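Working through the structure, step by step
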Amino acid sequence: MKNRELADIFDKMADILEFKGENPFKISAYRKAARVLKDLTEDIEKLSQQGKLKDLPGVGSGIAKKIEEYLQTSRMSKYDEVKEEVSDELIELLRIPDLGPKTLALLHKETGIKNMAELEEALQSEQVRALPGMGAKKAENILRGIRLIKEGKGRIPLGTALPLVEEVVELMKKKGIVREIFPAGSLRRCRETIGDIDLLATGKDGTKIIEEFTHLPLVTEVLAAGKTKGSVITHGGFQVDLRVVPKVSFGAALQYFTGSKAHNIRLREIAKSRGLKINEYGVFRQEERIGGRREEEVYQILGLPWMPPELREDRGEIEAAMQASLPSLIELADIKGDMHVHSNWSDGSASLEELAEGAKRLGYQYLLITDHSAAIKIAGGLSPEELLRQIEEIRGLNQELEGITLLAGTEVDILPDGSLDYPDELLEKLDVVVAAVHSGFKQDLRTMTKRILGAIENPRVDIIAHPTGRIIGEREPYAVDLSEIFSRAAATGTALEINAYYGRLDLSDTNCREAKRRGVKLVISSDAHQLHQLHWMRLGVAVARRGWLEKGDVLNTLPLKELLNSLKG
DNA sequence: GCCGTTTTCGGCCCGACTGTTTTCAGTCG
């Protein structure tokens, strides 16, 4: 499928034309085509053969021609032409928050900067202050953006790493030469971002296993290939390591490579105090191996129960294990419905019917439809009239649907003054009200906190979505006094969301653990904008597990009736 | 570059916020 390649080219074209100050509508036409191609499930080549390219929304004669040219010749002359005088490095700088095409073009023209290092240097010089529209604050903001990008670099979002690893595991299993193969490391612990991707396997022929591994189709570069360890770079530039370990050590190795480092140090200390030794090869008394085939043994020998990897951060799990008070963590199968989903009434791509069917396939009992409110025009926010129509449509659909109930809701904007974007009379007609901040991220701590408390104190608001607004590696949480949010949320019975979108995961693991401690009820929601994104729920559950949450802490583990009784509104 | 019951030209979602200005440009969603 060339869908993705074409989408990337159109996105890149849009970037370049933006930098060049081209017609903004032409630019958004390219962006739209790119998005449509990314979402497209059919093969673009097939559509092209059938002469159906122009049936796609956002694809007219110009873009259809370019697609055909690329499919036939693997080139796109227009793309080759526009990228002539700009380097990839320069265009990449547009990913820096607070640095847009206009400012980049200005800086490039006036100071000659061509890459991030030169940009950073220029921003620290007096010279840029003299440029029109540039001041100290602006330079400072861009420099902060650069720092954010640099910090995020090298770490892969969990939501990107998981599918990649699952693909590798599937491919290796199909080869029939590995006995066991499991991910380890921070991925197994479900950290929100992953450094290296580590896999462990057992099998007869280590050399053969590594050879098959380094020749997988998604491998672009082989860094190392021996008889116990292979290391490759995959499409997308991710490093994946595979270690082949003896069967008798598999459990110990899995435990060792899963970490975290801090957790392992604690285990080794306990072992040592009992005259034992733990390493990646097993558990030993003197020279005698007394365990290590299975991971459970490592813990058992220390008198501890096996612990879910999500807990292994040395955040109190070892003490809890000693007191036999480890939490019984929530599981994906506990989730009875999704509480934050966008349909094609606003900026989602699936219809209400498709979403209902998708939710039903996941075994859900209910699905809360939460399209944007009017203030977010860009995302097709619903006017009060449209929302009324949607409510009616949902009520009608529920007459026809079997085995799933659609709930009428909204993701209503919390406006900068703390008021909501819909009147109370309208909110009262909904089954569930989700409220969220989407603008004015730079308000100071007191203003922002008061703003969100405004929504929490509103008796009609059931849930606050993505409470801190952070985007991993891109945007810091806004300044908000979470402690105060937690106490008022607990006092009013307002639930807080764990947003499962891989770039948000908001509340974070530690925040939701604290929320639980403070008596706040939580919900886990996918924030899906496309049908397949309903699967993101698993990432939210992973965060909840890292936050020590149990089934009883999460409202959407309840059957429909109890859920509605437990929500504030 | 797309689109069309306002249909082959001319409009295309636009408001809030920030930082720069002294009425506005750039960025974001």
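Residues numbered from 1 in each chain as written. Chains lettered and ligands numbered in written order. Predicted model: local features only at pLDDT ≥ 70, side-chain atom pairs only at ≥ 80, totals over all residues. Heavy atoms only, no water.

1. Describing the pattern of salt bridges
Using the criterion set out here, one finds 36 salt bridges in the structure. Between Arg189 and Glu313 there is a salt bridge, and its shortest N-O distance comes to 2.8 Å. Here Glu313 lies in the loop between α15 (295-301) and α16 (317-322) and Arg189 lies in the loop between α11 (185-188) and β3 (193-194), a separation of 124 residues in the sequence. The pair Arg189 / Glu313 is uniform in exposure class, with both members buried. The salt bridge partner of Glu296 is Arg294, with a shortest N-O separation of 3.5 Å. The network of salt bridges with shared partners includes Arg189, Glu313, Arg315, Asp509 and Arg546. (Salt bridge = Lys/Arg side-chain N within 4 Å of Asp/Glu carboxyl O. Helix = DSSP H or I, 4+ residues; strand = E, 2+ residues; numbered from the N terminus. Buried < 20%, exposed > 50% of the residue type's maximum accessible area, 1.4 Å probe, protein only.)

2. Considerations on the nonpolar core
Membership of the largest hydrophobic core comes to 92 residues, with the highest contact counts inside it found for Met172, Leu242, Leu406, Ile452, Ile464, Leu496 and Ile524. Broken down by element, this core gets its largest block of residues, eight residues, from helix α10 (residues 158-175). The residues touching Leu406, leaving out its near neighbours within four places in the chain, are Leu352, Ala356, Leu367, Ile369, Ile394, Leu397, Asn398, Leu401 and Asp431. (Core = buried A, V, L, I, M, F, W, Y, C linked by side-chain atoms within 4.5 Å. Contact = heavy atoms within 4.5 Å.)

3. Some points on the protein's contact with DNA strand B
In the vicinity of DNA strand B there are 36 residues, among which Gly60, Gly100, Gly135, Pro416 and Arg475 approach most closely. Protein-adjacent atoms of DNA strand B, using a 4 Å cutoff, are sugar or phosphate at a proportion of 71%. At a separation of 3.1 Å, a phosphate oxygen of DNA strand B approaches a polar side-chain atom of Tyr30. Backbone polar atom of Gly60 to a phosphate oxygen of DNA strand B: 2.6 Å apart, as the coordinates give it. (Near = heavy atom within 4 Å. Polar contact = N/O pair within 3.5 Å; in protein donor to acceptor, adjacent residues only side chain to side chain.)

4. Comments concerning the sheet that holds strand β13 (residues 405-413)
Within a beta sheet, neighbouring strands are joined by backbone hydrogen bonds and run either parallel or antiparallel to one another. Sheet architecture is open: seven strands sit in the order β11-β12-β13-β14-β15-β16-β17, paired in parallel fashion. Of all the strands in the sheet, just β11 (337-341) and β17 (522-525) have a single pairing partner and so form its edges. Bridge count between β11 and strand β12 (residues 366-369): three bridges; the pairing is parallel. Across the sheet, residue Gly337 finds its bridge partner in β12, namely Tyr366. Where helix α23 (residues 537-546) meets the sheet, it contacts β11, β16 (495-499) and β17, and its direction lies at approximately 145° from that of β17. (Pairing = 2+ DSSP bridges. Axes fitted to C-alpha atoms, helices over the stretch in contact; angles between N-to-C directions.)

5. Some points on the pairing of β11
A large share of β11 lies buried, amounting to five of its five residues. Considered for its hand, the β-α-β crossover made up of β11, helix α17 (residues 352-361) and β12 is right-handed. (Right-handed = clockwise from strand over helix to strand, strands pointing away.)

6. Things to note about a negative patch on the surface
Where like charges cluster on the molecular surface, the negative patch consists of Glu353, Glu354, Glu393 and Glu400. Those elements that place two or more of their residues in the negative patch are α17 and α18 (384-400). Residue position: Glu400 is located in helix α18. (Patch = residues over 30% accessible without salt bridge, like charges linked within 9 Å, V, L, I, M, F, W, Y side chains within 5 Å. Areas by Shrake-Rupley, 256 points an atom, 1.4 Å probe, with all protein chains shown as cover. Lys, Arg positive; Asp, Glu negative; His and termini not counted. Charge placed at Lys NZ, Arg CZ, Asp CG, Glu CD.)

7. Examining the packing of aromatic side chains
Aromatic ring pairs: the centre-centre distance and the angle between the two ring planes describe each pair. The tally for this structure, following the rule as stated, stands at seven aromatic pairs. Aromatic side chains Tyr501 and Tyr502 sit 5.0 Å apart centroid to centroid with 50° between the ring planes, which places their arrangement in the tilted category. A relative accessible area of 27% means that Tyr501 is categorised as partly exposed. Exposure remark for Tyr502: the relative accessible area of 26% places this residue in the partly exposed category. By the ring-pair criterion, three or more aromatic residues cluster together here, those being Tyr501, Tyr502 and Trp536. The ring of Phe441 has Arg475 sitting right over it, with the charged end atom 3.9 Å from the ring centre. A cation sits over an aromatic face here: Arg513 above Trp548, 3.8 Å from the ring centre. (Phe/Tyr/Trp six-rings, centres within 6.5 Å; stacked < 30°, edge-to-face > 60°. Lys NZ or Arg CZ within 6 Å of the ring centre and 35° of its normal.)

8. Some details on empty space enclosed by the protein
If a probe the size of a water molecule is rolled over the atoms, the empty space left behind becomes visible. Tallying each qualifying case throughout the model produces one cavity of 30 Å³ or more. In this structure, the largest cavity occupies an estimated 30 Å³ of space. Considering the residues around the largest cavity, the lining is formed by Gln255, Tyr256, Asn264, Leu267, Arg268 and Ile278. Of all the secondary structure elements, the ones that give two or more residues to the lining of the largest cavity are α13 (250-258) and α14 (261-273). The element best represented in the lining of the largest cavity is α14, accounting for three residues. Grouping the constituent residues of the lining of the largest cavity by class yields three nonpolar, two polar and one charged. (1 Å grid on protein atoms, 1.4 Å probe; cavity = no way out; pocket = protein on both sides within 12 Å on 5 of 7 lines; lining within 4 Å. Points joined across faces, edges and corners; volume = space filled by probe spheres on them. Nonpolar A, V, L, I, M, F, W, Y, C, P; charged D, E, K, R; others polar.)

9. A word on unusual backbone geometry
Ser260 follows Gly259 through a cis peptide bond whose omega is -5°. With an omega of 10°, the peptide bond between Asp506 and Leu507 qualifies as cis. If you trace the backbone, Leu507 turns up in the loop between β16 and α22 (509-517). In this model, Ser74 sits at a positive phi of 60°, which is unusual for a non-glycine residue.

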